[in-house]
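As a plain string of letters, each chain reads:
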Amino acid sequence: MEKRGIVKAIIFSFITFGIYGVYWFYKLTNEAHQVVGRNTTASGGWALLYTFITLGIYYIYWSYKMGESITEAKRMRGMHTSGNDTILYLILSLFGAGIVTQVLLQDSINDIIDYDSTSGNV
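The sections below set out a description of the structure shown in this document.

1. Focus on the layout of surface pockets
Part 1 of the argument: Looking at the largest pocket, its volume works out to about 270 Å³.
Part 2 of the argument: Lining the largest pocket are 13 residues, and of these Gly-21, Val-22, Phe-25, Tyr-59 and Gln-102 lie nearest its centre.
Part 3 of the argument: Of all elements in the fold, only helix H2 (19-36), helix H3 (44-53) and helix H6 (98-119) reach the threshold of two or more residues within the lining of the largest pocket.
Part 4 of the argument: Ranked by the residues each element gives to the lining of the largest pocket, the list is headed by H2, at 4 residues.
Part 5 of the argument: Counted by class, the lining of the largest pocket contains 7 nonpolar, 6 polar and no charged residues.

2. Examining H6
Part 1 of the argument: Here H6 contains 22 residues, and its C-alpha end-to-end distance of 31 Å stays within 8% of the 32 Å for a straight helix at 1.5 Å per residue.
Part 2 of the argument: Among all positions of H6, only Gly-98, Thr-101, Gln-102, Val-103, Leu-105, Gln-106, Ser-108, Ile-109, Asn-110, Ile-112, Ile-113 and Asp-116 are buried.
Part 3 of the argument: Of the surrounding secondary structure, the elements contacted by the buried residues of H6 are helix H1 (6-15), H2, helix H4 (57-77) and helix H5 (85-94).

Parameters at a glance
- Residues numbered from 1 in each chain as written.
- Predicted model: local features only at pLDDT ≥ 70, side-chain atom pairs only at ≥ 80, totals over all residues.
- Heavy atoms only, no water.
- 1 Å grid on protein atoms, 1.4 Å probe; cavity = no way out; pocket = protein on both sides within 12 Å on 5 of 7 lines; lining within 4 Å.
- Points joined across faces, edges and corners; volume = space filled by probe spheres on them.
- Helix = DSSP H or I, 4+ residues; strand = E, 2+ residues; numbered from the N terminus.
- Nonpolar A, V, L, I, M, F, W, Y, C, P; charged D, E, K, R; others polar.
- Expected span 1.5 Å × (residues − 1).
- Buried < 20%, exposed > 50% of the residue type's maximum accessible area, 1.4 Å probe, protein only.
- Contact = heavy atoms within 4.5 Å.

Shown next as structure tokens:
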């Protein structure tokens with residue numbers, strides 16, 4: 001698992017008219033499962049399919065569960081977490097700001113990757 005540049009991911013998502021955003025969603029799902037050590041939602045491919053089938057409703061559920069996953073992963077490592085990520089991701093997704101959810105999720109995953117690499121938990 002490697003850190004992903006957030007600005008680059010946003011730019012690629014816009015340049016490709018959302019196609020990279022779909023790939024990014026897939027990768028975020030699998031990477032969040034990897035940092036927490038278990039699947040907390042459907043795998044990336046299934047989560048993507050469920051999101052399309054439900055016309056985005058699954059994405060709202062996914063956002064909430066990803067917040068829980070990241071909070072759990074940070075607590076397992078002893079990292080600081082406010083515990084409000086779940087509600088923040090949910091609210092952002094409800095108001096159509098899914099890309100902001102993905103940005104925040106990627107930032108948290110990048111922080112966990114940094115923490116693991118400096119503490120030897122790789």
